[in-house]
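Given next are the chains, with one letter for each unit.
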Amino acid sequence: MKRKIVVTTLLLGWATVSVAADTPDPTFSFPINIDHVWVLLSAALVFFMQAGFKAFEVGMVRHEHGNAVAIKNIIDWIIGSLIFLFLGFGVMFGKSSYGIIGTDLFFGMGIQDNPDGSPLGSIFFLFQIAFATTALTIVSGAMSERTGFIPYMTASALVALLIYPVFGHWAWGNLFYADNPAWLADLGFIDFAGSTVVHSIGAWVALVGIWKIGPRLGRFDENGNPVAFKASSYAYSVMGLLILWLGWWGFNGGSQLALDGAVGEIILNTNIAGAAAGLVAFFHCYWFQKREDLYPKFLGGIIGGLVAITACCSMVSHLGALAVGLTAGLIHNYAYDLILYKCKLDDPVGAIPVHGFCGVWGTLCVALFGQLSPETSRLTQFGIQLLGCGVAFGFTTIVSYVMFSVLEKTVGLRVSPEEEKTGIIIGGEVAAEEEEEIGMSEAELLELMK
Amino acid sequence: MKRKIVVTTLLLGWATVSVAADTPDPTFSFPINIDHVWVLLSAALVFFMQAGFKAFEVGMVRHEHGNAVAIKNIIDWIIGSLIFLFLGFGVMFGKSSYGIIGTDLFFGMGIQDNPDGSPLGSIFFLFQIAFATTALTIVSGAMSERTGFIPYMTASALVALLIYPVFGHWAWGNLFYADNPAWLADLGFIDFAGSTVVHSIGAWVALVGIWKIGPRLGRFDENGNPVAFKASSYAYSVMGLLILWLGWWGFNGGSQLALDGAVGEIILNTNIAGAAAGLVAFFHCYWFQKREDLYPKFLGGIIGGLVAITACCSMVSHLGALAVGLTAGLIHNYAYDLILYKCKLDDPVGAIPVHGFCGVWGTLCVALFGQLSPETSRLTQFGIQLLGCGVAFGFTTIVSYVMFSVLEKTVGLRVSPEEEKTGIIIGGEVAAEEEEEIGMSEAELLELMK
Amino acid sequence: MKRKIVVTTLLLGWATVSVAADTPDPTFSFPINIDHVWVLLSAALVFFMQAGFKAFEVGMVRHEHGNAVAIKNIIDWIIGSLIFLFLGFGVMFGKSSYGIIGTDLFFGMGIQDNPDGSPLGSIFFLFQIAFATTALTIVSGAMSERTGFIPYMTASALVALLIYPVFGHWAWGNLFYADNPAWLADLGFIDFAGSTVVHSIGAWVALVGIWKIGPRLGRFDENGNPVAFKASSYAYSVMGLLILWLGWWGFNGGSQLALDGAVGEIILNTNIAGAAAGLVAFFHCYWFQKREDLYPKFLGGIIGGLVAITACCSMVSHLGALAVGLTAGLIHNYAYDLILYKCKLDDPVGAIPVHGFCGVWGTLCVALFGQLSPETSRLTQFGIQLLGCGVAFGFTTIVSYVMFSVLEKTVGLRVSPEEEKTGIIIGGEVAAEEEEEIGMSEAELLELMK
């Protein structure tokens, strides 16, 4: 009771004090034009991808884990958006200190109406917040059904604060202040809308996460062969996929940060690559691989195509987009088998083949299929792209390894086996009616798990 | 058969006659600009909130009531939008008679290309229709699982015709005709996008409704303690929440009725408040309240933050928005307990804490955290805001009380206990296959309920 | 293994070759304006209708068929969009050969920045792709629960390649090149946003399809009376309906191909007609027809109203829109009974009353309620509209009949009875865990079906 009063008082007190901290009425002197309305609506579409990831993941996991997966998706948006908004954005886009890290624009100060910065002002800010939280959500899917709430939240916070914005600063650090140095961008690294910056970063955090935490109970039998777990509803995952696809109109189209003649082509290329990748993923699996993976490979393949075209959608022709999509579908299917059957890693939603492997492939496709400036050879560009992908992989996996190791040693990564079997209840207590429904005691469950 | 022919003939006859009533081809002389595209797309986002409310409510109620809740959500959009469009809009925005009620613009006449009116023309009209139906939908959620179809529809119609537009005229009556008197607005009452005008109004109708109709059967045990009812799917409610959140980009951003430099800040504030409220609602419940309410409080808290910022999003700084959100999260949690545990009122979707209490709080926050004009003291403004909230509460509860009392005495408010147990079938007849599935006769059910 | 290598090599080889085929960097000299942003976002909304159809259909079919219906919805988007994009668009909008068929603009060449073509460039292209795939999706719903994957895909491909674009060329062939002859348009046939061009075409393909393939097993008893099949979730169909309704803001509003003063009126009319049709469909069924059809008739009636207003939304007053909607609701209900009870055709999602009958009605309403040019009498216009509807019906049913007959003789149209009972698994194999869940062997199933 005492604690309650203290917390309430503190919050209300702080709230009142914050009035004094009010910044003066924001002014805005840039002329508002068609670019603002387009990027603002693109930001809305990218925000809506949270619903897409939510539905895709809820459909892919087992029925009893749906609620926890959904709640975690909201929590990572909440924590990630607040942290990125108040701190991460500045790390990523603030005045650069030696091209390593940004150092201003914290707490949303100086974003609106900054004569040196983007004329999109707070709309650029909104767009980037939506982007940052996409990276976080990728992690949640891969680690679903067994990760504890506290370690998951801590990891989300660190990605939003550190991993995503630091690498982002290296690749995109000159998007707000055009004269910022950003060493990868200055080298010539091109990642138009984030195949690497957003998607691979999320995937490599997830990769370390699922390797450290291990597979779900019973996912592999004693011979190490995967045991099929029933997805709760592919139909619902399709809803998620379609929301994601819609979101990609804004994700790629909005990354032009303007509405010009290229936007239609960018979105067209995005659609071509997604469709082509799905087509290949479907028939390649149907004819040459295990058909029981057909649905997840088909849906994952489509998203893989969308991820791959993300880096290069502004630089390829329609046929180039078709090539990126067709190859991404193949790469997705092989990567899926590699992760599951060779590496025996348990990625319930297939996030790593989609966002990691197809993300790298798309980034390389800039050099393979893109319209490069005449002074750059495809080989040089390929080397630079490879370097960017390698730096993303190295930086992310090392920091993630440290992060997950510390979390493992302190709060632990994993929920109890009971929770894993019966569905995680965030808050830690199985409510009475749930238990009844399951119809067995904890003792029986433990018995079962032997 | 005769009746069938009569109805058909009448409808077709009327339809043909209506040709003669055709107004001349609408002309439009205002220049179309970026404001039109922004407000039009905002209207689309607000319309889409119908899907958000639908999913949120279907997820929150018991499984067998999902279909009826969804169908009712569509019906209130249909009835509400037609009534508001043909009549309510004129009551709210028409030429004012002494600041009490509007008197023209009925049947959509004079909206397009009115030299005295809003240059947005029919786009303003569309935006307001979407707003009005939001208020209705709030009522449907709170009264779900036991309200009859006829009383519910009648109540919806009366809210769209009378309660919402009359109060709306007092607060927003000068939005179409700028020179209209609107007594609350003229006093200085500020409710930017409708914390009170839309959300509280809906909530206070719902409050009277659930008090008159009583709780769902078995919701409280003989000692008056609530018995947990299993929500059909929190994961699906999360889908609803994310659609609502997306809709709020248009709800608040579009209420600027223009695309200017403030829109980005408004949406940013909206996101900050929603996230902050969710964060507080989650951890406050986790640490200090009953953990079995964690999921509904978390989701409700987020919406509460979005409701609260609605009144003041255009007038607060980022830190002010954070303060509004953090406090709204707390207020939501306490109000939730007040309604459920103290007042023993049964609000299956938590609409009253969210839209009522957080709506009032947000309206007061205008005075607490907003950038007021220099000639108004915070205390004066607080008094005016309090007056506005009080008038909304008084007017709405009195009219609703009369309305529900008359409905109770005439058609009755409540479905039969059988329907309540097995899921309401609108149309009143349990179809054969449903009965079979339930596997018991009405007699057995009645037995059970003793 | 050998095949695998061959396919992989071919794909990668082709991909590399495609680099050489790169068209030069697209340039765009038209000024970008508010029309571009509006039509682009309308295209996004129309694309999102895929999610609406998906959810509507998944909710309407039996639970065990949900996954297959969802996957088919994605596949038809993928195949349809690629074929239409590379070939169908040129057939529909390319330089006309005698007003019969288009002959250029294949492979997306010449769309962007074509001085003779639409100034919307690739945004017009995107909008039309989204339209074309809507027609395909209609077919999938009607034929669900029993159609094989290969025949369904082949039919989709042929609709996208031939049926839709050829009729489209006759009615809308002058939308890209304004000087193209398009014989129906030149006669004066008016179908503003596609009641006939999109909706009826889809419905008539579906009509032939369900007639050729026959009803689902057990749908009619030995006396030919329909046996009720349980829809998996009307609540989920409502989600689909609301997404469709939102999509219609873009479908009709975007068909103006500009943002001018008419767009608000168009969307207003769209909403009025949808609401009015739902109202009539609901109460007409409630009072005069079998109440067990209330939910599907209500939801179908709304969509029927939206389909009907599609042809005439730009030409009617608000009261005219009300008349179109009210009558469409009636027509939907009678057509529903005609198809199901008189013709004994099994259309699980009610696509034919909605898209076929209401599509024709809406096209005729152009003559009945539209603001015609002074030199055209309503009777003449009615004759022209009737001719257009008749040509659409005749052309589509004849080509579809040939198509389905060939498919029937070659690959067969129907899945096995086992699959139909247990839910279609695309890929053809019932996975182990599914079988277990169903709990019976194929032999038992066959027994059951006797």
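As the structure is a prediction and not an experimental result, all values here were calculated from the model. (Residues numbered from 1 in each chain as written. Chains lettered and ligands numbered in written order. Predicted model: local features only at pLDDT ≥ 70, side-chain atom pairs only at ≥ 80, totals over all residues. Heavy atoms only, no water.)

**Student:** Let's hear about the overall build of chain A: which residues, and what values?
**Tutor:** Broken down by element type, chain A carries 16 helices and 2 strands. Relative to its 450 residues, chain A shows a buried fraction of 67%. About 14,400 Å² of surface is accessible on chain A, with carbon and sulfur atoms providing 65% of the total. (Helix = DSSP H or I, 4+ residues; strand = E, 2+ residues; numbered from the N terminus. Buried < 20%, exposed > 50% of the residue type's maximum accessible area, 1.4 Å probe, protein only. Areas by Shrake-Rupley, 256 points an atom, 1.4 Å probe, with all protein chains shown as cover.)

**Student:** So what's going on with the packing of helix α2 (residues 34-60) of chain A against helix α2 (residues 34-60) of chain C? Which residues, and what values?
**Tutor:** Running from N to C, α2 of chain A and α2 of chain C cross one another at 15 degrees; their axes reach a closest spacing of 9 Å. It follows that α2 of chain A is roughly parallel to α2 of chain C by the angle criterion. α2 of chain C is crossed by α2 of chain A, and the crossing has left-handed handedness. From α2 of chain A, Ile 34, Val 37, Trp 38, Leu 41 and Phe 48 of chain A reach across to α2 of chain C, where they touch Ile 34, Val 37, Leu 40, Leu 41 and Phe 48 of chain C. Class assignment for the residues of the contact of α2 of chain A with α2 of chain C results in 10 nonpolar, no polar and no charged. (Axes fitted to C-alpha atoms, helices over the stretch in contact; angles between N-to-C directions. Parallel < 35°, antiparallel > 145°, perpendicular 65-115°, else oblique. Left-handed = near helix turned anticlockwise from the far one by under 90°. Contact = heavy atoms within 4.5 Å. Nonpolar A, V, L, I, M, F, W, Y, C, P; charged D, E, K, R; others polar.)

**Student:** Just give me the short version of the relation of the copies chain A and chain B, but keep the residues and values in it.
**Tutor:** Mapping chain A onto chain B leaves a residual RMSD of 0.0 Å; the transformation is a rotation of 120 degrees accompanied by 0.0 Å of translation along its axis. The superposition operator between the copies reduces to a three-fold rotation axis. Residue Ile 34 of chain A of chain A places its C-alpha closer to the rotation axis than any other residue of that unit, at 3.9 Å. Taken together, the interface assignments show that only 10% of the residues at the interface of chain A recur at the interface of chain B, consistent with different surfaces on the two copies. (Least-squares fit on C-alpha atoms with pLDDT ≥ 70 in both.)

**Student:** I'd love a proper account of the interface of chain A and chain B, names of residues and values included.
**Tutor:** Contacts between chain A and chain B engage 68 residues on the former and 60 residues on the latter. Interface area for chain A against chain B, summed over the two sides, is near 5,400 Å², with a carbon-plus-sulfur share of 79%. Where chain A meets chain B, there are 0 salt bridges. Along the contact surface separating chain A from chain B lie 5 residue pairs in polar contact (both at pLDDT 80 or more). Elements with a contribution of two residues or more to the side of chain A that touches chain B: α1 (2-20), α2, α3 (66-93), α4 (122-142), α5 (149-172), α8 (234-253) and α15 (432-438) of chain A. (Buried area = accessible area lost by both parts, 1.4 Å probe. Salt bridge = Lys/Arg side-chain N within 4 Å of Asp/Glu carboxyl O. Polar contact = N/O pair within 3.5 Å; in protein donor to acceptor, adjacent residues only side chain to side chain.)

**Student:** Mind laying out the relation of the copies chain C and chain A, listing which residues take part and the relevant values?
**Tutor:** With an RMSD of 0.0 Å, the operation that places chain C on chain A is a rotation of 120 degrees combined with a shift of 0.0 Å along the axis. Interface residue correspondence from chain C to chain A reaches only 10%, placing this contact among heterologous pairings that use different surfaces.

**Student:** Lay out the confidence of the model for chain A in plain terms, naming residues and giving numbers.
**Tutor:** Averaged over chain A, the pLDDT score is 89; the fraction of residues at 70 or greater is 89%. Ignoring residues within four places in sequence, the model shows residues 429-450 of chain A, a span with pLDDT below 50, making 21 contacts including any to other chains. (pLDDT = per-residue confidence, 0-100.)

**Student:** Please provide a residue-by-residue account of a nonpolar patch on the surface, values included.
**Tutor:** All names here are of chain A. Taken together, Leu 87, Phe 107, Met 109, Leu 158, Leu 161 and Leu 162 make up a surface patch of nonpolar side chains, about 470 Å² in accessible area. Ranked by residues supplied to the nonpolar patch, first place goes to α5 with 3 residues. Tracing the backbone through its elements, the reader meets Leu 158 in helix α5. Owing to a relative accessible area of 31%, Leu 158 belongs among the partly exposed residues under this scheme. (Patch = residues over 30% accessible without salt bridge, like charges linked within 9 Å, V, L, I, M, F, W, Y side chains within 5 Å.)

**Student:** Talk me through the interface of chain C and chain A; I want residue IDs and the actual numbers.
**Tutor:** The interface is formed by 68 residues belonging to chain C together with 60 residues belonging to chain A. Approximately 5,300 Å² of surface area, both sides summed, lies buried where chain C meets chain A, with 79% of it carried by carbon and sulfur atoms. At the boundary of chain C with chain A, the tally comes to 5 residue pairs in polar contact (both at pLDDT 80 or more). Secondary structure elements with two or more residues in the side of chain C that touches chain A: α1 (2-20), α2, α3 (66-93), α4 (122-142), α5 (149-172), α8 (234-253) and α15 (432-438) of chain C.

**Student:** Now, about the nonpolar core: what can you tell me, with residues and values included?
**Tutor:** In terms of nonpolar packing, the biggest core is built from 485 residues, with Tyr 164 of chain A, Tyr 164 of chain B together with Tyr 164 of chain C touching the most fellow members. Non-local contacts of Tyr 164 of chain B, meaning those with residues more than four positions away in its chain, are made with Phe 84, Met 92, Phe 131, Ala 132, Ala 135, Val 159, Trp 172, Val 197, Val 198 and Ile 201 of chain B. (Core = buried A, V, L, I, M, F, W, Y, C linked by side-chain atoms within 4.5 Å.)

**Student:** Go over unusual backbone geometry with me, naming the residues and quoting the values.
**Tutor:** Residues other than glycine seldom take positive phi values, yet Leu 257 of chain B does so here, at roughly 55 degrees. Note on placement: Leu 257 of chain B falls in the loop between α8 (234-253) and α9 (262-288).

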